[in-house]
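Reading the structure
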Amino acid sequence: MPVSGRRADVTPSASAPPEATVLHALAGGVSRITLNRPEAMNAVTWAQRERIIDLLAEASADPAVRAVVLTATGRGFCAGADLRATPAPARERAPGDVARTIRLGAQRLIAAVLDCEKPVIAAVNGTAAGIGAHLAFACDLVLAADTATFVEVFVQRGLVPDGGGAYLLPRLVGPQRAKELMFFGDALPAADAERMGLVNRTVPAGELAALTEEWADRLAQGPTRAVALAKQLVNASLDGDRATAFAAEAAAQEINMTTRDADEGVASFVERRPAAYRGR
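The numbers attached to residues start from 1 for each chain and follow its sequence in the written order. Local features in this predicted model are restricted to residues whose pLDDT is 70 or higher, and side-chain atom pairs enter the listing and the counts only when it is 80 or higher, whereas totals over whole chains, interfaces and linings include all residues. Note that water and hydrogens are dropped before the side-chain values are worked out from all heavy atoms of the structure.

**Points about the sheet that holds strand β9 (residues 187–189)**
Hydrogen bonds between backbone atoms are what pair the strands of a sheet, whose relative direction is either parallel or antiparallel. Applicable threshold: Here the rule is simple: two strands pair whenever DSSP picks up at least two bridges between them. Secondary structure counts use DSSP, requiring at least four H or I residues in a row for a helix and at least two E residues in a row for a strand, with both numbered from the N terminus. Axis definition: a line fit to C-alpha positions, over the contact stretch in the case of helices; interaxial angles, taken between N-to-C directions, run 0 to 180 degrees.
Here we have four strands laid out as an open sheet, ordered β4-β6-β8-β9, and mixed in their pairing. Of all the strands in the sheet, the pair left with one neighbour each is β4 (76–78) and β9. Recorded for the sheet is a direction-independent mean angle of 20° between the axes of neighbouring strands.

Here's what the structure looks like:
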């Protein structure tokens, strides 16, 4: 799993096919999605974005996928959107074009992570800036190398944060911290991001791959549908009231109790043996 910062054997350009710039492998129930344009610090192109969205949708639908890992090659996790690789507009910009571009682009990418029915781990090997930072923050679990940094770079370009930043950050660190990050755009070291609650664990760069593998394997051995429903409940709880959250919790329990894994969990407890979950 290429989370150690090593460069790929071949460095693809922005014009390379998306299969070369977003690598994918499925093994042991874990779908591994790897950004692979290290020479550009993995700034994400239109084609890469669409491939990531498609791979996350496939992970949701495939019973063989039990967890997802999102990482990158080289020194950067994702340096933001690659504006130089954005397709040229076919006409002069009209009112509504920018909003539509954001809605169908950066926001779709973040929504694909949030809505993925499998748990998604971000293994942040280096700089995560702009939409790259939001891509990490949208993941369910965030592991980071101690050399990684997170940057709300938008203000440095005179831009408003996009890709769901103003939705994600206040929910993760509160409004004051979110404003500090967005107003100044300072680089946030991984250790500080962990203290703020943006990162689950920070480890030496050489240990990132092993920890990511360990967490992904644990998720891949777990009750996949129960985890998916728990993810859905937590994400929805941030936007609703208590009555809505309690109703959603009861509905999720109803759904989960129809799964084989729920039966196995109860049976293994009664029989005093380890559970063998199948993700169904």
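**A closer look at the layout of surface pockets**
Defined as follows: Cavity: a set of points on a 1 Å grid over the protein atoms alone where a 1.4 Å probe fits but cannot get out. Pocket: an open set with protein on both sides within 12 Å along at least five of seven lines, its lining residues, like those of a cavity, having an atom within 4 Å of a point. Grid points are joined across faces, edges and corners, and a volume is the space filled by probe spheres set on the points. Residues are grouped as follows: Ala, Val, Leu, Ile, Met, Phe, Trp, Tyr, Cys and Pro are nonpolar; Asp, Glu, Lys and Arg are charged; all remaining types, including Gly, are polar.
Considering only enclosed or pocket space, the second largest pocket measures out at about 760 Å³ in volume. Together, 31 residues line the second largest pocket, and Leu114, Asp140, Lys231, Val234 and Asn235 are the ones closest to its centre. Of all the secondary structure elements, the ones that give two or more residues to the lining of the second largest pocket are α4 (106–115), β7 (141–145), α6 (165–173) and α10 (224–237). Looking at which element gives the most residues to the lining of the second largest pocket, the answer is α10, with ten residues. Considering only residue class, the lining of the second largest pocket consists of 21 nonpolar, four polar and six charged.

**Some remarks on the side chain of arginine 51**
Convention followed: When accessible area is computed with a 1.4 Å probe and restricted to protein chains, residues below 20% of their type maximum are described as buried, those above 50% as exposed, and intermediate ones as partly exposed. Positive charges come from Lys and Arg alone, negative charges from Asp and Glu alone, with His and the N- and C-terminal ends not counted. Any Lys or Arg side-chain nitrogen found within 4 Å of a carboxyl oxygen on Asp or Glu counts as a salt bridge. Pairing of N or O atoms within 3.5 Å defines a polar contact, subject to two protein rules: one partner must be a possible hydrogen donor and the other a possible acceptor, and residues neighboring in sequence count only if both atoms are side-chain atoms. We call two residues in contact whenever any of their non-hydrogen atoms come within 4.5 Å of each other.
On the secondary structure map, arginine 51 appears in helix α2 (residues 46–61). Buried charge without a partner: arginine 51 forms no salt bridge, and the closest opposite charge is glutamate 19, 4.5 Å away. A polar contact is formed between the side chain of arginine 51 and the backbone oxygen of proline 18, at a distance of 3.4 Å. For arginine 51, the contacting residues outside a window of four places in its chain are Pro18, Glu19, Val22, Leu23 and His24.

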